[in-house]
Amino acid sequence: MSTLLEIKSSVLRQVQVCPSFRRRTEQEPVSTSADLQEPATGAWKPGDGVEFFAHMRLILKKGEGRQGLPCPEVLLRSGSPAPAEPVDPNRGLRALTQEEVEMLYEEALYTVLHRAGTMGPDQVDDEEALLAYLQQVFGTNPEEHAEAIERVKKAKAPTYALKVSVMRAKNLLAKDPNGFSDPYCMLGILPASGTPREQSGQKEQRFSFRKGSKRSGPLPAKCIQVTEVKSSTLNPVWKEHFLFEIEDVSTDQLHLDIWDHDDDVSLAEACRKLNEVIGLKGMSRYFKQIVKSARANGTAGPTEDHTDDFLGCLNIPVREVPVAGADRWFKLEPRSSASRVQGDCHLVLRLITTQPNSSSWHGELSGPGATVLCLHGAQSNLSPLQLAVLHWQVSSRHHQTRTLDYGYLLGLLEDMQAHWEEAPLLPQEQEESLADSFSAFSEFGLRLLRQLRDYFPATNSTAVYRLELLLKCLDKLQLFQPSFEICPFETELNMDIAAALKRGNREWYDRLLSAKSPREQPGAQRLAGLVELADVIYEDLQACYGIYASLFHGILKVDFFTLTFRQLERLVAEEAWVLTEELSPKMTLQVASGLFELYLTLADIQHFWSYIPGRDGRSLTLAGIHAPFLPAVKLWLQVLRDQAKWRLQGAVDVDTLEPVDVSSKHSSSAATASLCFSHIQELWVRLAWPDPAQAQGLGTQLSQDMCEAALFYTDLLRKKVDAQPGAAGEAVSEPLCVVLNNVELVRRASVQALRGLAWPEGTVGLEGVLPRPLLSCIQVLEEDLRREAHTVTAHLTSKMVADTHKYVQHISLSPDSIQHGEAVAPLMKYLDEKLALLNASLVKENLSRVLEALWELLLQAILQALGAHSDVSADFYGRFHFTLEALVTFFHAEGQGLPLESLRDGSYKVRPGPPGAPPSAHCPAAGPLAVGGARGPQGCLPPCGQSPVPSPQRLEEELRLHRCSTRECIEHFYLDKLKQRSLEQNRFGRLSVRCHYEAAEQRLAVEVLHAADLLPLDANGEVRQWPVGAVGGPLADGCAPAGLSDPFVIVELGPPHLFPLARSQRTQVKTRTLHPVFDELFHFSVPAEACRRRGACVLFTVMDHDWLSSDDFAGEAALSLGSVSGISRPQVGGSTRAGQPITLQLRRPRAQVRSALRMLEGRTNKEAQEFVKKLKELEKCMEADP
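Residues numbered from 1 in each chain as written. Predicted model: local features only at pLDDT ≥ 70, side-chain atom pairs only at ≥ 80, totals over all residues. Heavy atoms only, no water.

Moving on, we get to the pattern of salt bridges. Where charged atoms of side chains with opposite charge meet at close range, the side chains can pair. Considering all chains together, one arrives at 25 salt bridges under this definition. In this structure, the salt-bridge partner of R786 is E782, at a minimum N-O distance of 3.7 Å. A residue pair is termed a helical-turn pair when its members lie 3 or 4 positions apart in one helix, as R786 and E782 do in helix α24 (residues 772–798) at four residues. R787 is the salt-bridge partner of D784, the closest N and O atoms lying 2.9 Å from each other. Placement of both D784 and R787 in helix α24 is noted, with a separation of three residues, approximately one turn of the helix. On the basis of relative accessibility, which here comes to 1%, the residue D784 falls in the buried class. When its relative accessible area of 36% is taken as the criterion, R787 is described as partly exposed. (Salt bridge = Lys/Arg side-chain N within 4 Å of Asp/Glu carboxyl O. Helix = DSSP H or I, 4+ residues; strand = E, 2+ residues; numbered from the N terminus. Buried < 20%, exposed > 50% of the residue type's maximum accessible area, 1.4 Å probe, protein only.)

See the structure below:
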């Protein structure tokens, strides 16, 4: 029981924690931008909040690529040449021989004769002058000089290459809805065949990698290089390097395109990017993106490109590249006169020439060289293994002074392995020499692995492939180790590699720390650098897992990722612990902002470890790192709350309350508010606070702040629209429509964002189930915003009150001689015009709200018109009946408007009267139709100022009864009795009867059998306890009189005009019993045709006989004569008591609420007055109703 009470009290506390945010804001007025207190110190000052949310967007953008494990295809972005490896610094220079001088002379002549590029102002462009200079420098006579030139001219022409470094771009055009672009570059050499342009009167069309060249065809894929995509920026920085071979220096040209990368998404996904729209231009870009997605997913051909947007291009002839190279900004050009581009691109260009067989040699011997080496081995009696060993020794030594291809060296090792069975025959001296070469090569390889990130960057596919070959070479060395008597390795090579990697990790981390966050700086200054360091470490760990780990584990069985992750995670965690302890006592907004960003990256590192199957993050040094960051996170979330309000304030201040686009129905501030809420929700998901209890506190506070911000925004909107002057005579206000749409958009956006703020509730939390405080917060906010929407709707419809009453009054005053459609036409025309404007200005949800409010307004106007007229013709009510049917059809609009179920609902609603309507329109006493309307407590009518809004079904019934004759109204009265059902089964008891029609005698036989569980209406002074719900009907407190009753039954036929000669009959009185047995048979001589009429019935009234006062009413029941045997079907057999007994539930109806009775009360003819008089006498017997 105590546990149940604790749960109940906990639920009550949670409900009480979240009262209406609207009431909260009314009690504590929300401060405007001028009222918000400026923080004493910190990075973020009061303003419009744009800078803060832009910074937050960068934080979120950084985390978008950190979900899950990286793919190698994403990391390997560049195919440019790998960084050069170091050579032996001890290799010195020596004096050149005469032969080498002659080779150098010819090399210089070759360079002059095959020069390319544009000379600078300080350079000599005269070939004769350059050749004369070389003749003078090398001291050759004219004959030798001419012979050397002839020899050089006969040599093969060099291969030209263009080195291109794409550094950065600036001021690019924004192509995405968020106001940025995702630029990348495509560049290549445009062949000479594609450069000529035909002179014509058409627009100039430049070459594009996307479109290709119609004259020369598309370039092959190998000729095109692509940079990395830089997300959400107009000033990207690439710093990527490429090398292109040149076929014709005089005609080839470098072509570069810059594109905005757009994912090939569906139309539905493109529509969901609405939350990223910023400003009017962003909305225009958004709709262009929608159209583009629709084309890409629709009729676009397979070769058409509709995904990426063109940002600009460059065409640079190779012949114009200076000899010394070019390092400058180039202005982007359009690809046609219709293109719109802007911005500049920074390139570094250098044109180089290479002689054949000079730089492409990787160590392999030429045909003659291999032949000479083979002849030498045969003449010297060398075995194939000895030749292979000599070749390896020379090549591995030479590799340390001039880089060779590791594939070639691996081939030499495999050649040795193929002949290794001859190893025991190797001389001791050659074996020692081979061991020395292995040691030297392994030391060289370990030195490279220590600087793994410098010489083998993970983003360079060429360098990664070179690393793979190096690791395979080192793995081959281990295969030869058991065969040496003198082991070339002091320890296992795997252990040396692991040690080298650890040492390299530490050296790389120390260099990074000293560059970004030196320990001698103050803590506040070090914080920004430590954030950058943590980001670099995360990217490095991604590269380790995606690229390096598989190579080291697959080739050398070294777990490089675990080794590196453990080491770097520990180092950065220790640095973060020290810095947080130093900064915690002097917490400022600037420090809190930096610590918040640092924690997000550290959490990403910790989560990255958890993404790997079989890894447990609890063993990491970062486990529990969130604890010291909690004060900073709380302070940062407070700043977020204030900045969100400032951002909303600024957005509303510049809002013109006009739709942002022809296809949109909300204004710019609503898009800004939706984007703010989306960013807050994304930030919470990124935060993912691990402690459940602390997460609940943070999430609860953040959800309440978001709710207050949403209501703060609606308050600002309402104040802004109230301050605007309204147009005279304007029935539909466009600003009000925009405000209503804004409220609906913010409601959807805020609720969606709040649902994304779910936090873990420990082991008892169910996945997919929102925490109770958050669910309560969402429900309260939705109710507040819906109430706000209804308030705006009421203001919008209040402008139509006078007009609707005028047109309804026109219907009521129209003469009976005109057609109903002609009388209703002005109202329908007015509604059609106004609702056409509303349909164009409102979203579907708000249009439904306005239709409902306008529908109730029309019903009130009709009700008032009916109440203001009495003693009118049937045509008067016929016109309103026609009006009601026309309005139902109009508002249903063939399923596009309000549903028929709500239009024909049979209940009465009590709503506040429309603003500006006269009190008589609200008061239920305005006419006989108001009698019996909606009632307040204890059956009382609602107070004036609240209008009972009848449903069209009830109002239609009222109008139809007004048009009926007196006898038709009486028939409706009896039909109501037949339709009536007891509200509480067995409360007033039950009566068993049997009826049949005797056709031969033309009479109806009614047999009253017995009754049960009647109400005790004769109290004897004793009171006993009755169980609640027990048979016999207790009072409200569970007690009832303990007396009995003296019941008898009155049997009569109705309606009276159908059976004018059938008088009522009654049973004998059964004294002191609640379960009387009558067994009495009554006959009524009536024709069968009268019994088959609509409403014909036999009415049983149970009364309690009192000797000293009038009899008391105990209950009644009605039985339709159409269902009696002999009338509904022929009587079977000759039995006088055919048919089964029927049990009828007794009831105590309230006759005054029946529409038919109200109609009869207002009629003055004798038949109606006598019928009403008889019923009122029965009502007196019902006044003692317990």
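The peptide bond linking G1054 to P1055 adopts the cis configuration, its omega dihedral lying at 0°. Inspection of the secondary structure assignment puts P1055 in the loop between β15 (1047–1054) and β16 (1065–1066). The phi dihedral of N171 is positive, around 55°, even though this residue is not glycine. One non-glycine residue with positive phi stands out, namely A688, at about 45°. Relative to the helices and strands, A688 resides in the loop between α21 (668–687) and α22 (692–723). For A688, a relative accessible area of 38% gives the class partly exposed.

With that out of the way, let us pick up a negative patch on the surface. Taken together, E99, E102, E143, E144 and E147 make up a surface patch of like negative charges. Secondary-structure elements contributing two or more residues to the negative patch are α5 (98–113) and α7 (142–154). A total of three residues in the negative patch trace back to one element, the largest contributor, which is α7. For E102, the position within the fold is in helix α5. Looking at E102, the relative accessible area reads 45%, which means it is partly exposed. (Patch = residues over 30% accessible without salt bridge, like charges linked within 9 Å, V, L, I, M, F, W, Y side chains within 5 Å. Areas by Shrake-Rupley, 256 points an atom, 1.4 Å probe, with all protein chains shown as cover. Lys, Arg positive; Asp, Glu negative; His and termini not counted. Charge placed at Lys NZ, Arg CZ, Asp CG, Glu CD.)

Moving on to the sheet that holds strand β6 (residues 309–317). With respect to topology, four strands assemble into an open sheet ordered β3-β2-β5-β6, the strand pairing being antiparallel. Two strands bound the open sheet, and with one partner strand each, they are β3 (224–226) and β6. When the angles between neighbouring strand axes are averaged without regard to direction, this sheet yields 15°. Where strand β2 (residues 183–190) and β3 come together, three bridges link them in antiparallel fashion. By the bridge assignment, M186 is partnered in β3 with V226. (Pairing = 2+ DSSP bridges. Axes fitted to C-alpha atoms, helices over the stretch in contact; angles between N-to-C directions.)

End to end, helix α6 (residues 127–138) covers 17 Å across twelve residues, agreeing with the expected 16 Å (1.5 Å per residue, within 8%). By the burial criterion, the buried members of α6 are L131, L134 and Q135. End-on, the buried residues of α6 take up no more than an arc of 100°, which puts them together on one face. α6 presents Y133, Q136 and V137 as exposed residues on the side facing more than 90 degrees away from its buried surface. (Expected span 1.5 Å × (residues − 1). Arc of directions from axis to C-beta.)

Of note, P1056 is situated in the loop between β15 and β16. Residue P1056 is classed as partly exposed on the basis of its relative accessible area of 35%. Once the C-alpha coordinates of P1056 and E971 are considered, the two residues, 85 residues apart in sequence, prove to be 9.4 Å apart. With residues near it in sequence (within four places) discarded, P1056 still touches I970, Y974 and F1171. (Contact = heavy atoms within 4.5 Å.)

Attention now moves to the environment of Q590. Take Q590: it is sitting in helix α19 (residues 589–611). Taking the C-alpha atoms as reference points, Q590 and A632, separated by 42 residues in sequence, lie 9.8 Å from one another.

The next thing to look at is helix α11 (residues 384–399). In this model, α11 (16 residues) spans 22 Å end to end at C-alpha, consistent with the 22 Å of a helix rising 1.5 Å per residue. Where α11 is buried, its residues contact α12 (406–418), α13 (428–450) and α15 (461–480).

Everything listed here is a matter of coordinates, which is why it stays silent on function.
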